[in-house]
Amino acid sequence: MQRKLLWFAMQAEQAIFVGGDDGRVEWANEAACRLCGAKLEELVGRRVHLFPDDADAQREAADHIGSRVAAGQRARLEVAIRGPDGRALWIDLEVTPMRGEGTAASGWFAVAYDVTERRRAQDAVAESEERYRRLVEDAPEPVAVHSEGRVVFANAAALALLGASSSTEVVGRPIFDFLHPDYHAIAAERIMKMELVGDPAEVIVERLLRVDGSPVDVELAATPVVWRGAPAIQLSGRPVEGQPAAPAPRAAPTARAPRGRVIDLSGLVLELAPWIEGRLAPRAAVSFDLTAARLELAGEAGPLAALVRAVVGQAAGALRGGRGALLVRTRVAELSADEAASFVPPGSLHRGSYLLVEAIADRGQLPPGAAVALFAPGFAERFPDSGPGLAAGLELARAHRGALRVHSQPGGGLRISAALPQGDTERRRPARVHSVPRRSAANEAR
């Protein structure tokens, strides 16, 4: 076993050092020798100097690593060094203490990863964003960018249009905070189309809300962009003077409201299957359990599809490493008063019959405190690698007079449900589909 471990360490691409409690190197693999530009016999017995030309930086790094290791804790830092050939390199260094008998230290081992290409990519993105900022910051036309449902940038003209005195009043807030409720549905549909197709949306007039709640009609152009490596949408426009805004995409429901068109929700989910498997859960084994049920819509199906993607996307995001089993289910359910009260927003549902869209991740887990923040903006930043959150999904559910519920098992397992009020719902024999068309076999093979 020791020979196998030694062979593995020698073949590793990462630089590996092993040292004694005096801080000196006792062994290093070939990658470590290449990193230092020295042979193994030249490294043994020496201390590794990260900054041979900068005594202050070397002392700070040594003090940081030494104090952490002495306390029995790992030390990690990302530093820029100069390689043997004179090239600038970025390395991610992690030093772990080794313990002997009791609490006595018996040495340490360190692993160094070459992250130069990653840092260069990050620097290139930062430089590109800085050029973008310089280009549009002082532009006379209002320009804003939103990603994952939140505003991430707004130039001075956009802040003035919204009546904001600083970017802190706008950046970080949900994009729907600045859109009149009558336009939430059409905006969600435009966002979904841009994400699916990648083409700019047609220019339309929408009614925005300033920070003080007053409305302003704006002619908006929307274009898909990339912001800090994530999909985003750039909005640009100009206020419309003396011209009526676009007609509201859906009328507020009243007793005499005209009937909308009826769609089969399970058919809509199946249409989204390639997107779910290819984009939302590419490494999970996806299956479907669908009950053919009809839902009456007052508007287009786009916002409803966006709601399904929000529910499934959060369940998939909670899978560790994106792997596991993901079940997407539609069903008709009679909710009791207690069950209806468990949905968010509180008090939005009453006892009765609802159509449920559910995403069930068998190994899905949320970190401590995440369940409380799941419906708040900024979830993805507070809890990275735990999914995009449900702030946008909640807005979409409310637009359909529905609500959301999240049930998490302590030992693993996550179920996210969207409850929608029934219009004309037809009960049929459930159609269970496992190994869904096109990508399921590949997913399960993973």
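Right above here is the structure, for reference.
Residues numbered from 1 in each chain as written. Predicted model: local features only at pLDDT ≥ 70, side-chain atom pairs only at ≥ 80, totals over all residues. Heavy atoms only, no water.

Peer 1: Account for the overall build of the protein, with residues named and values stated.
Peer 2: On a plain count of helices and strands, the protein comes out with 15 helices and 18 strands. Carbon together with sulfur atoms contributes 51% to the accessible area of the protein, which is approximately 23800 Å² in total. (Helix = DSSP H or I, 4+ residues; strand = E, 2+ residues; numbered from the N terminus. Areas by Shrake-Rupley, 256 points an atom, 1.4 Å probe, with all protein chains shown as cover.)

Peer 1: Hey, could you go over the packing of helix 9 (residues 273–280) against helix 10 (residues 302–317) for me, with residue numbers and the actual values?
Peer 2: Two numbers describe how helix 9 lies on helix 10: the axes approach to 11 Å, and their chain directions differ by 35°. At the point where helix 9 passes helix 10, the crossing takes the right-handed sense. From helix 9, W275, I276 and L280 reach across to helix 10, where they touch R309, V312, G313 and A316. Taken together, the residues that form the contact of helix 9 with helix 10 break down as five nonpolar, one polar and one charged. (Axes fitted to C-alpha atoms, helices over the stretch in contact; angles between N-to-C directions. Left-handed = near helix turned anticlockwise from the far one by under 90°. Contact = heavy atoms within 4.5 Å. Nonpolar A, V, L, I, M, F, W, Y, C, P; charged D, E, K, R; others polar.)

Peer 1: Lay out the environment of L209 with the relevant residues and their values.
Peer 2: By the element assignment, L209 lies in strand 8 (residues 201–209). By relative accessible area, which is 16% here, L209 ends up buried. Spatially, the C-alpha atoms of L209 and L162 are 7.1 Å apart, while their sequence positions differ by 47 residues. Beyond its immediate sequence surroundings of up to four residues, L209 is in contact with L162, D177, F178, L179, H180, P181, S214 and P215. (Buried < 20%, exposed > 50% of the residue type's maximum accessible area, 1.4 Å probe, protein only.)

Peer 1: Account for helix 10, with residues named and values stated.
Peer 2: A rise of 1.5 Å per residue sets the reference length of helix 10, with its 16 residues, at 22 Å; its end C-alpha atoms lie 22 Å apart and thus fit the reference within 8%. For helix 10, a buried count of 15 out of 16 residues is recorded, marking the element as mostly surrounded by other parts of the structure. (Expected span 1.5 Å × (residues − 1).)

Peer 1: Give a description of the packing of aromatic side chains that names residues and reports values.
Peer 2: Considering all chains together, one arrives at one aromatic pair under this definition. Judged by centre distance (5.3 Å) and plane angle (35°), the rings of F379 and F383 are tilted. For the residue pair F379 and F383, the accessibility class agrees, reading buried in each case. It is R119 that lies over the ring of W90; its NZ or CZ is 3.7 Å from the centre. (Phe/Tyr/Trp six-rings, centres within 6.5 Å; stacked < 30°, edge-to-face > 60°. Lys NZ or Arg CZ within 6 Å of the ring centre and 35° of its normal.)

Peer 1: An account of helix 14 (residues 391–399) is requested, with residue identities and associated values reported.
Peer 2: Along helix 14, the residues classified as buried are G393, L394, L396, A397 and A399. One or two residues past the end of helix 14 sits R401, with phi positive at roughly 60°.

Peer 1: Which residues make up the nonpolar core, and what are the values?
Peer 2: Of all hydrophobic cores here, the largest spans 74 residues; its most connected members are V170, F288, L304, L307, L326 and L404. Per-element accounting of this core gives the leading share, nine residues, to helix 10. A15, A31, L43 and A61 belong to the second largest nonpolar core, which has 26 residues in total. (Core = buried A, V, L, I, M, F, W, Y, C linked by side-chain atoms within 4.5 Å.)

Peer 1: Talk me through unusual backbone geometry; I want residue IDs and the actual numbers.
Peer 2: Look at the link from V344 to P345: it is a cis peptide, with omega at 5°. Tracing the sequence through the fold places P345 in the loop between helix 11 (337–341) and strand 15 (352–361). One non-glycine residue, D385, lies in positive phi territory at about 65°. Its location among the elements puts D385 in the loop between helix 13 (379–382) and helix 14. You will see that R401, though not glycine, has its phi angle at about 60°, which is positive.

Peer 1: Tell me about the sheet that holds strand 10 (residues 230–239), and name the residues and values.
Peer 2: The strands making up a sheet are joined through hydrogen bonds of the backbone, oriented either antiparallel or parallel. Read from one edge to the other, the open sheet built from five strands follows the order 7-6-10-9-8, with strand pairing classed as antiparallel. Across the chains shown, the open sheet's two edge strands, defined by having one partner strand only, are strand 7 (150–154) and strand 8. Each strand axis lies, on average, 35° off the axis of its neighbour in the sheet, ignoring direction. For strand 6 (residues 143–147) and strand 10, the ladder comprises four bridges, and the chain directions are antiparallel. Its bridge partner lying in strand 10, A144 is registered against L235. (Pairing = 2+ DSSP bridges.)

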